[in-house]
Amino acid sequence: MDNKQLMSIFTDTAYVRTGGSPQELKCAQYLQQKCKELGLNAQLEPFKVPVAYINSATLEVDGKAVECKGYLCCGSGTVEAPLYYLTNTDSYSLSLCKGKIVMIDTYLRHWVYQDLLKYGAVGFITYDGNANYSDCDIDHRELRKQVHNGNRLLGVNINAKSAIAIINSGATTAKITIDQVESEADSHNVVLDIPGEIDQTIVFTAHYDSTSLSQGAYDNMTGSVGILAIAEYFASHPHRHSLRFVWCGSEERGLLGAKAYCADHKDELDNIVLNINLDMIGSIMGNFIACCTSEEKLVHYIQYFAKEVGRGITARQDVYSSDSTPFADNGIPAVSFARLAPSNTATIHNSYDTMAVIKAEHIQQDIDFIIAFANRMANAVMLPVERTMPDNMKDKLDLYLCRRRDKR
Ligand SMILES: [Zn+2]
């Protein structure tokens, strides 16, 4: 793909495509068509995801309406209670949650939600956006099944400017009313096989869905274009290992596509020897990284290899918050490549994630390096990476997947 063809994909996919939506399916079919244009036959694999349609959601603070979006899948009803801003998560601060509608900073993470339940909160308010931006956008958040486990509280998301105004006014009461219809829909993985000489398979992944305000150009049409270009390369170059390409749906909703892939292909996982994941490459600004959820030797291999081919890289051993994680959790060594932009030059999960933050030459540079690395792996007589997950990574996976809580 030349720069023009590459950038046309971003123009074609400049729309919001949340997991399970018709727009996400449209993008899956588009990627399938792009494969077809390369003479490659990709399949759509559906999997079920929860969806909700919000009829109405309101927040009143001291009797005054505040613009909000109701949490998807948090149920319907009304809750009215004193308002409490949880600024710290020590047990004293948490003890004041009882019977309150609790405002928290940042995301509604798994353990924060468990704390809200444990300490008797009756509803919650989160906020996002940025008080210094000119917009008043509000992301459409979801109370994830793996977070609530059947114990649901009504919650709304508001803009950071509203959150500041509420706390600054000294408000003391809140009322949340939500009416929503909840059901299930299909999200899709787009799967492409390019068989090699042996059954042992390297799986390339990149998610193509976006969050509710975002065109997801940087996060992650860049990675989707990346693995498309890698597929194009290997379609006409020899490779010993079999190659599989998976454009994952619903990554932004908790890695649901990669999890569904691993569950639906359980019998084939033994044959998968490596996962190469691309999530956010080609930004104008930022540094190139490789995050290896594998034995540490792969980190050193990549550091050596980057020097050999003349590319700066920061490689580390860690869990990456992307589709590589379900593969790693199934014992498959995984490496995620990304070019990470400082957040004041490119942000994600908001309306600023457009093709304006990426650069065709940088995408090509990143793809070139990943192809060079993948070529070594794909043609290895014996894959150098051990197919094991070391204990320190198993431990990090337990923390990331909230099976265990960090004591700190
Ligand atoms: Zn992403």
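Refer to the structure above for everything that follows.
Fair warning: this is a prediction, and the values are worked out from it, not measured in the lab.

(A) Local environment of the overall build of the protein chain. In terms of regular secondary structure, the protein chain is built from 12 helices and 14 strands. For a compact globule of 408 residues, the expected C-alpha radius of gyration is about 22 Å, and the protein chain comes in at 22 Å, within 12% of that figure. Across its three principal directions, the C-alpha atoms of the protein chain cover 70 × 45 × 35 Å. Looking at the protein chain residue by residue over its 408 residues, the buried ones come to 46%.

(B) Broad picture of the nonpolar core. By size, the foremost hydrophobic cluster in this structure holds 113 residues, and its most contacted members are Val102, Phe124, Ile125, Ile202, Ile230 and Ile370. Take this core: its biggest share by element is 10 residues, from helix H7 (residues 217–235). Two domains each put at least three residues into this core: domain 1 (3–48 + 186–400) and domain 2 (57–182). If we skip the residues at most four places from it in the chain, Val102 touches Tyr84, Leu86, Cys97, Leu116, Ala121 and Phe124.

(C) Region of the structure containing the pairing of strand E5 (residues 101–104). The two faces of E5 match: Ile101 and Met103 on one face and Val102 and Ile104 on the other face are all buried. Direction of pairing for strand E4 (residues 77–86) relative to E5: parallel, over a ladder of 4 bridges. Of the residues in E5, the one forming a bridge with Leu83 is Ile101. With 3 bridges joining them, E5 and strand E6 (residues 123–128) adopt parallel strand pairing. Looking across to E6, one finds that Val102 is bridged to Phe124.

(D) Focus on the packing of helix H1 (residues 3–12) against H7. Two elements in contact, H1 and H7, have axes separated by 11 Å at closest approach and are oriented at 135 degrees. In this view, H1 runs oblique relative to H7, as classed from their interaxial angle. Crossing geometry of H1 relative to H7 is assigned as right-handed. Across the interface between the two elements, Leu6, Ile9 and Phe10 of H1 pack against Ala217, Met221 and Val225 of H7. Residue classes in the contact of H1 with H7 are distributed as 6 nonpolar, no polar and no charged.

(E) Seen up close, the environment of Phe373. Turning to its location among the elements, Phe373 is positioned in helix H11 (residues 360–378). When the C-alpha positions of Phe373 and Ala315 are compared, they lie 13 Å apart, and in sequence the two are 58 residues distant. For Phe373, the residues in contact, after removing those within four places along its chain, are Ile302 and Phe305.

(F) Molecular detail of the environment of Ser162. Looking at where Ser162 falls in the secondary structure, it is placed in helix H6 (residues 160–169). In sequence terms Ser162 and Asp128 are 34 residues apart; their C-alpha atoms lie 9.8 Å from each other. Beyond its immediate sequence surroundings of up to four residues, Ser162 is in contact with Val66, Glu67 and Tyr127.

(G) Representation of helix H2 (residues 22–37) within the structure. In this model H2 runs 23 Å from its N-terminal to its C-terminal C-alpha over 16 residues, within 8% of the 22 Å that 1.5 Å per residue would give. Restricting attention to buried positions, one finds in H2 the residues Glu24, Cys27, Ala28, Leu31, Lys34 and Cys35. The buried residues of H2 all sit within an arc of 115 degrees when viewed along its axis, so they share a single face. Across from the buried face of H2, at angles greater than 90 degrees, the exposed residues are Pro22, Lys26, Gln33, Lys36 and Glu37.

Reading the values: rules and limits
Residue indices follow the written sequence of each chain, beginning from 1 at its first position. Only residues with pLDDT of at least 70 are given local features in this predicted model, and only at 80 or more are side-chain atom pairs given and counted; all residues enter the totals for whole chains, interfaces and linings. The helix and strand labels rest on DSSP assignments: H or I over at least four residues marks a helix, E over at least two residues marks a strand, and numbering proceeds from the N terminus. A radius of gyration in this sense is built from C-alpha atoms; the matching globule rule multiplies 2.2 Å by the number of residues raised to 0.38. Counting other C-beta atoms within 10 Å of each residue's C-beta, where C-beta atoms are placed from the backbone, gives the exposure class: buried for 20 or more, exposed for 12 or fewer, partly exposed between. As used here, a nonpolar core is made of buried Ala, Val, Leu, Ile, Met, Phe, Trp, Tyr and Cys residues. They are joined through C-beta atoms within 7 Å. Each domain's extent was defined by an automatic or database domain assignment. A pair of residues counts as a contact when their C-beta atoms, built from backbone coordinates, are separated by no more than 7 Å. For two strands to be treated as a pair, DSSP must find no fewer than two bridges joining them. Angular values range over 0 to 180 degrees, each being the angle between N-to-C directions of two axes fitted as lines to C-alpha atoms, with helices fitted over their stretch in contact. Our angle categories are set so that under 35 degrees counts as roughly parallel, over 145 as roughly antiparallel, 65 to 115 as roughly perpendicular, and the remainder as oblique. Helix crossings are classified by the rotation of the near helix relative to the far one: an anticlockwise turn of less than a right angle makes the crossing left-handed, while a clockwise turn makes it right-handed. The nonpolar class holds Ala, Val, Leu, Ile, Met, Phe, Trp, Tyr, Cys and Pro. Asp, Glu, Lys and Arg form the charged class, and all remaining residues, Gly among them, are polar. Any helix carries an expected span of 1.5 Å times its number of residues minus one. Working note: the arc is built from the helix axis to C-beta atom directions.

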